[in-house]
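# Chains, contacts and geometry: an overview
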Amino acid sequence: MPFPVHRPRRLRRTAALRSLISETRLVPAQLIYPLFVHAEPEPEPIQSMPGQMRWPVEQVAERCREARDLGLRSVILFGIPKSKDAIGSEAYAYDGVVQRAARYCKDAEPDVVLIADTCLDEYTDHGHCGILNGTEVDNDATLEVLARIAVSQIEAGFDMVAPSDMMDGRVGVIRSALDSAGMADAAIMAYSVKYASAYYGPFRDAADCAPKFGDRRSYQMDGANAREALREVKLDVEEGADIVMVKPALAYLDIVRQVRDSVDVPVGAYNVSGEYSMVKAAAAAGWIDEQSIVLENLTSIVRAGADIVLTYHALDVARWLQA
Ligand code: PBG
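Just so it is clear, the structure is predicted and the values come from calculations on it, not from any experiment.

Counting residues in each nonpolar core, the largest one holds 80 residues, and the members touching the most others are Val60, Leu77, Leu178, Val193 and Val259. Among the elements that line this core, the one with the most residues is helix 4 (residues 139-156), at 7 residues.

In this model, helix 3 (residues 97-108) (12 residues) spans 17 Å end to end at C-alpha, consistent with the 16 Å of a helix rising 1.5 Å per residue. Regarding helix 3, the residues found buried are Val97, Val98, Gln99, Ala101, Ala102 and Cys105.

Moving on: the pairing of strand 3 (residues 53-56). Relative to strand 3, strand 1 (residues 31-38) runs parallel, the two sharing 3 bridges. Bridging across to strand 3, Val37 finds its partner in Trp55. Here strand 2 (residues 44-45) pairs with strand 3 via 2 bridges, running antiparallel. Opposite Glu44, over in strand 3, you have Arg54 as the bridge partner.

Here the focus is the site of the ligand. Near the ligand, the surroundings consist of 19 residues, among which Lys194, Arg204, Lys247, Ser273 and Tyr312 are the closest. Between the ligand and the protein, one listed contact pairs a nitrogen atom with a side-chain N or O atom of Asp121 at 2.7 Å. Within the side chain of Ser273, an N or O atom sits 2.7 Å from an oxygen atom of the ligand. Protein contact buries 100% of the 400 Å² of open area that the ligand shows by itself. In this structure, the ligand is accommodated by the largest cavity. Elements that contribute at least two residues to the shell around the ligand include exactly strand 9 (187-194) and helix 6 (201-206).

Right, let's get into the packing of helix 7 (residues 227-239) against helix 8 (residues 253-262). Where helix 7 contacts helix 8, the two axes come as close as 10 Å, and the packing angle between them is 40°. By the angle between their axes, helix 7 is oblique relative to helix 8. In terms of crossing hand, the pair formed by helix 7 and helix 8 is right-handed. Across the interface between the two elements, Ala229, Leu230 and Val233 from helix 7 touch Ile255, Gln258, Val259 and Ser262 from helix 8.

The subject of this paragraph is the pattern of salt bridges. When the charged atoms of two side chains lie near each other, side chains of opposite charge can form a pair. In this structure the tally under the stated criterion is 21 salt bridges. With a closest N to O distance of 3.3 Å, Glu44 and Arg54 form a salt bridge. One end of the pair, Glu44, is in strand 2; the other, Arg54, is in strand 3, with 10 residues separating them in the sequence. By relative accessible area, which is 13% here, Arg54 ends up buried. The shortest N-O distance in the salt bridge between Glu109 and Arg68 comes to 2.7 Å. Remark: Arg68 occurs in helix 2 (residues 60-69) and Glu109 occurs in the loop between helix 3 and strand 5 (113-118); sequence separation between them is 41 residues. One salt-bridge network, in which partners are shared between bridges, spans Arg63, Glu66, Asp316 and Arg319.

Cut-offs and rules
- Residues numbered from 1 in each chain as written.
- Predicted model: local features only at pLDDT ≥ 70, side-chain atom pairs only at ≥ 80, totals over all residues.
- Heavy atoms only, no water.
- Core = buried A, V, L, I, M, F, W, Y, C linked by side-chain atoms within 4.5 Å.
- Buried < 20%, exposed > 50% of the residue type's maximum accessible area, 1.4 Å probe, protein only.
- Helix = DSSP H or I, 4+ residues; strand = E, 2+ residues; numbered from the N terminus.
- Expected span 1.5 Å × (residues − 1).
- Pairing = 2+ DSSP bridges.
- Near = heavy atom within 4 Å.
- Polar contact = N/O pair within 3.5 Å; in protein donor to acceptor, adjacent residues only side chain to side chain.
- Areas by Shrake-Rupley, 256 points an atom, 1.4 Å probe, with all protein chains shown as cover.
- 1 Å grid on protein atoms, 1.4 Å probe; cavity = no way out; pocket = protein on both sides within 12 Å on 5 of 7 lines; lining within 4 Å.
- Sits in = over half its atoms within 2 Å of the grid points.
- Axes fitted to C-alpha atoms, helices over the stretch in contact; angles between N-to-C directions.
- Parallel < 35°, antiparallel > 145°, perpendicular 65-115°, else oblique.
- Left-handed = near helix turned anticlockwise from the far one by under 90°.
- Contact = heavy atoms within 4.5 Å.
- Salt bridge = Lys/Arg side-chain N within 4 Å of Asp/Glu carboxyl O.

If you want it as structure tokens, here you go:
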């Protein structure tokens, strides 16, 4: 008897064999490309996120076309308003930055799935994700505003809203507000499991939304908790979430897997700004190979159970997958 009988290496011998038996495949259609929109006339590079820009309202449709031409189907927009106030009123303004950008995009690229981040932190002068009562974020007062933001976003042409605030009950309140506004077809992708994370650092620089006092630990989740993640997901699905999301992705792959196994709606994972910028910095220093690392990271997120990945690498990945 030759030894050994079982030789898993037989199927690793050539690239064609390896690709034949690949258990996990990345395709551009499963990626969501995040874009920052500002109220200025020119694009502006984001220092903390090499390769990412704040785009003028009028140039977002061009970015959607570029994405679509590479096989990407979906974008999520983050707004950086001209002025901020205590209640984040530009978040639901008819002529708010993302509302204006959405009108251009729907007109120019109607097939691209347009998703809106539905939150207050980019729009409040204090940088918190809700309405303050003293130094506390007032959950129920925030819900009304979130519903108003969501309706204004769908009205402007977004296909989907993505509440990222972590207030209790927001999915239900947004669902009923959309339904009463005649927007029953608008989907909700809930940031159901959003951990209070230092990985959001570069994003807060990009959107100028770091809290001016305190932190987000009274509403975002504690990274130590997994059971609580499943509870959050269950509540959001009960309240009407069409897609649930885990964020950040890489340090929470166990959570992505558990969430995938616990619900039957699509699961998203957000490969956040800090994960992106660490790769970019190490690649720029010549310490790692950017393409290989990014594909390895994204494959791991999908292998862990994500159906959808939000990633700033989306354009690059789409190019690499085409080549
Ligand atoms: C809140 C929001 C944040 C991110 C997405 N939506 C910031 C936060 O909660 O502090 C972070 C995304 C990233 O880091 O890439 N509107």
